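# Remarks on the overall topology
Each chain is listed here by its residues.
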Amino acid sequence: MGGCFSKPKPVELKIEVVLPEKERGKEELSASGKGSPRAYQGNGTARHFHTEERLPAPHPYPGAQDCVEAAVCHVKDFENGQMREVELGWGKVLLVKDNGEFHALGHKCPHYGAPLVKGVLSRGRVRCPWHGACFNISTGDLEDFPGLDSLHKFQVKIEKEKVYVRASKQALQLQRRTKVMAKCISPSAGHSGSTNVLIVGAGAAGLVCAETLRQEGFSDRIVLCTLDRHLPYDRPKLSKSLDAQPEQLALRPKEFFRAYGIEVLTEAQVVTVDVRNKKVVFKDGFKLEYSKLLLAPGSSPKTLSCKGKEVENVFTIRTPEDANRVVRLARGRNAVVVGAGFLGMEVAAYLTEKAHSVSVVELEETPFKRFLGERVGRALMKMFENNRVKFYMQTEVSELRAQEGKLKEVVLKSSKVVRADVCVVGIGAVPATGFLRQSGVGLDSRGFIPVNKMMQTNVPGVFAAGDAVTFPLAWRNNRKVNIPHWQMAHAQGRVVAQNMLAQEAEISTVPYLWTAMFGKSLRYAGYGEGFDDVIIQGDLEELKFVAFYTKGDEVIAVASMNYDPIVSKVAEVLASGRAIRKREVETGDMSWLTGKGS
């Protein structure tokens, strides 16, 4: 960080090592949009981006007056594999001892501010206890997702058996480090009809691809196009926090895109892709030639096909505008949610405090059944019922009835009639790949884009990533799967960028996802499709449990509530290439997990 900017006022960061209760509250605070990941509640107000954070600092060594140095412990205080938060006066750092060496890093995950001291140290990296992002302890660099930023790395020296840490005050306050990036040097960028890299879709996969290219020194033109009116934002948060405004959800500020020459075309719909001539045509007739193409169009929500489907006030949630309108219409009124998957249940949980009544309609007999199994699904359903949510299970909507064009009632196949002023439909999604049908880019029978481990399609120079792809999952014998998770899209975007630069990277991350409902977080890692048994440790009634999903004698996924950091531990074991056997989790003896990794 350069010492030539005016010093920002010290931000008061009171971050104690928190108890699990408080910690969860913090995560929920961020999940509810009150402290979005881009707006830390450092000094009680959403902080603005300092110029220092936006642009690479002019010189890496801050002046002495900007630094703080202190003895933080005695060499003998630490064992190998130990992590501890230590205080430097201007903020805390995470001190780690690994293989006899000390490392000092930022102590909070830049994604949502989780305390990394509660995470998992293994194979030279620390994994976040909440959402599984991994950071290299020697460099602070982000190595697995979610999130966009890395940790600051601080200097450590040992004198007379004491461990000293030296850090810039600014770095201690910022809690995140945006990697140094190249800028775009093609002068005619804004006007020319050709680009080096074209990215269709500006979700996590598209944004991470663009950022990775710049981090790797790529300085040619990059164009990102999106159907949305907004710059890239955190879409999974919409259903957890329907009140959130676009600027609270933004993944990067406007200045960031300008600084690094990442052009974003909003409300830009690609209608044809001509891979022979390397050209795309937009709905408004604009044509753009490319050298390399990333297709990351995401998916389109399925809609109801019943009688009355054109009635007003029935929504799928795709944009902040949709989400905001749902909250407005639901206030003090009756809300019906169709579908008890992640989106539906998150919306239902959020609306309980706002709506007069919340009802959920679902075909299965328990929520999340295919994903989490019968028993976990039932425990979560009970939590919802305790929060006044009414369930109509094993039925579907047969008609939406209106009064003066606006929704009034939802009629079910079971012939029940439910009062409704607003209805949210969360019954799944289909890949948004219709525009590729005549393109020569291969699609499977369901419309997904199959890719290899390098995220390449059947057409050279054309890559695909995110919710619309099927790819080989390394640790499940390269089975071709579709995993529409936020974390997976980040990881795939990075692999695409590396392969555009001929670095021969392969996708190998362990899937990780989470959901937040009623201030409780459920975490999940692995790929549980086709599980034939669920082994539960802990107390389902109390919602303090860990569930292992097994197939044959192997653990293929894990879910937990109030049991951190077990999901991150399992993810780390799976990532190390070690299989977990069913008998290891049946005994209830978790000692195999407390090992320090391989």
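Reading guide: rules and limits
- Residues numbered from 1 in each chain as written.
- Predicted model: local features only at pLDDT ≥ 70, side-chain atom pairs only at ≥ 80, totals over all residues.
- Heavy atoms only, no water.
- UniProt positions renumbered as here; feature names shortened; annotations may be inferred.
- Salt bridge = Lys/Arg side-chain N within 4 Å of Asp/Glu carboxyl O.
- Helix = DSSP H or I, 4+ residues; strand = E, 2+ residues; numbered from the N terminus.
- Buried < 20%, exposed > 50% of the residue type's maximum accessible area, 1.4 Å probe, protein only.
- Pairing = 2+ DSSP bridges.
- Axes fitted to C-alpha atoms, helices over the stretch in contact; angles between N-to-C directions.
- Polar contact = N/O pair within 3.5 Å; in protein donor to acceptor, adjacent residues only side chain to side chain.
- Contact = heavy atoms within 4.5 Å.
- Left-handed = near helix turned anticlockwise from the far one by under 90°.
- Nonpolar A, V, L, I, M, F, W, Y, C, P; charged D, E, K, R; others polar.
- 1 Å grid on protein atoms, 1.4 Å probe; cavity = no way out; pocket = protein on both sides within 12 Å on 5 of 7 lines; lining within 4 Å.
- Points joined across faces, edges and corners; volume = space filled by probe spheres on them.

Taking an unreviewed UniProt entry as the reference, the protein is identified by name as Apoptosis-inducing factor 3 belonging to Hipposideros armiger. According to UniProt, the comment filed for the protein under the heading Function (unreviewed entry) is "Induces apoptosis through a caspase dependent pathway. Reduces mitochondrial membrane potential." In its Sequence similarities (unreviewed entry) section, the UniProt entry covering the protein states "Belongs to the FAD-dependent oxidoreductase family."

## What to know about the pattern of salt bridges
Any two side chains of opposite charge can pair, given that their charged atoms come close. Within this structure, the stated rule accounts for 33 salt bridges. Between Glu-69 and Lys-157 there is a salt bridge, and its shortest N-O distance comes to 3.1 Å. With Glu-69 in strand β1 (residues 67-74) and Lys-157 in strand β9 (residues 153-159), this pair connects stretches of sequence that are 88 residues apart. The class for Glu-69 is partly exposed, based on a relative accessible area of 37%. The partly exposed category is assigned to Lys-157, whose relative accessible area is 34%. Each of the salt bridges in this network shares a partner with another, and the network as a whole consists of Arg-123, Arg-125, Arg-127, Glu-143 and Glu-572.

## Considerations on the sheet that holds β9
Read from one edge of the open sheet, 6 strands run β1-β10-β9-β4-β3-β2, paired in antiparallel fashion. A strand with exactly one partner marks an edge of an open sheet, and here the two such strands are β1 and β2 (82-87). Looking at each pair of strands side by side, their axes are set apart by 30 degrees on average, direction ignored. Both β1 and strand β10 (residues 162-168) contribute to a ladder of 7 bridges, which runs antiparallel. The partner of Cys-67 across the bridge, within β10, is Ser-168.

## What to know about the side chain of Arg-177
Following the sequence through the fold, Arg-177 ends up in the loop between α3 (169-174) and β11 (194-200). Engagement of the side chain of Arg-177 in a polar contact is seen with the backbone oxygen of Leu-151, the distance being 2.9 Å. With near-sequence residues (within four places) excluded, Arg-177 lies in contact with Thr-139, Gly-140, Asp-141, Asp-149, Ser-150, Leu-151 and His-152.

## Looking at the sheet that holds strand β20 (residues 357-362)
The strand order across the open sheet formed by 5 strands is β18-β25-β19-β20-β21, and the pairing between neighbours is parallel. What marks the edges here is a single partner per strand, and that holds for β18 (314-315) and β21 (389-393). Sheet topology places strand β19 (residues 334-338) next to β20; 5 bridges connect them, and they run parallel. In the strand pairing of β20, Val-336 is matched with Ser-359. Docked against the sheet, helix α8 (residues 342-351) engages β19, β20, β21 and β25 (422-425), running at close to 165 degrees with respect to β19.

## Digging into the packing of helix α4 (residues 204-215) against helix α10 (residues 486-500)
Think of two packed helices as two axes; the pair is described by the angle between the axes and how far apart they sit. Between α4 and α10, the least distance of the axes is 7 Å, while the angle of their chain directions is 40 degrees. Our pair here, α4 against α10, has a crossing hand that is right-handed. Residues Ala-204, Ala-205, Val-208, Cys-209, Thr-212 and Leu-213 of α4 touch α10, and the partners they reach there are Trp-486, Ala-489, His-490, Gly-493, Arg-494, Val-496, Ala-497 and Met-500. A per-class count over the contact of α4 with α10 returns 10 nonpolar, 3 polar and 1 charged.

## Digging into the pairing of strand β35 (residues 554-561)
Among the 8 residues in β35, 7 count as buried, and that is most of the element. Pairing between strand β32 (residues 520-526) and β35: 5 bridges, direction antiparallel. Among the inter-strand pairings, Arg-523 is bridged to a residue of β35, identified as Ser-560. Adjacent in sequence and paired antiparallel, strand β34 (residues 544-551) and β35 are bridged by 2 residues, among which Gly-552 carries a positive phi angle near 60 degrees.

## Points about unusual backbone geometry
Between Phe-145 and the following residue, Pro-146, the backbone shows a cis peptide bond with an omega angle of 20 degrees. Checked against the element boundaries, Pro-146 lands in the loop between β8 (142-144) and β9. Residue Pro-565 is bonded to the preceding Asp-564 through a cis peptide linkage, with omega at 0 degrees. Of note in this structure, Glu-161 is not a glycine but carries a positive phi near 65 degrees. Here Glu-161 shows up in the loop between β9 and β10. Judged by relative accessible area, Glu-161 falls into the partly exposed class, the value being 39%. Positive phi outside glycine occurs at Met-455, with the angle close to 65 degrees. With respect to the helices and strands, the residue Met-455 is situated in the loop between β27 (449-450) and β28 (462-464). Judged by relative accessible area, Met-455 falls into the buried class, the value being 0%.

## Regarding empty space enclosed by the protein
In the structure shown here, the tally under the stated rule is 8 cavities of 30 Å³ or more. If you add up the space inside the largest cavity, you get close to 80 Å³. What lines the largest cavity is simply Leu-142, Phe-145, Gly-147, Leu-148, Ser-150, Lys-179, Val-208, Glu-211, Thr-212, Gln-215 and Arg-494. Looking at which element gives the most residues to the lining of the largest cavity, the answer is α4, with 4 residues.

## Re the pairing of β25
The alternating pattern of β25 places Val-422 and Val-424 and Cys-423 and Val-425 on opposite faces, both of which are buried. Examined bridge by bridge, β18 and β25 share 2 bridges and lie parallel to one another. The partner of Phe-315 across the bridge, within β25, is Val-424. Two elements, β19 and β25, share 4 bridges in a ladder whose sense is parallel. Bridging from a neighbouring strand, Ala-335 pairs with Val-422 of β25.

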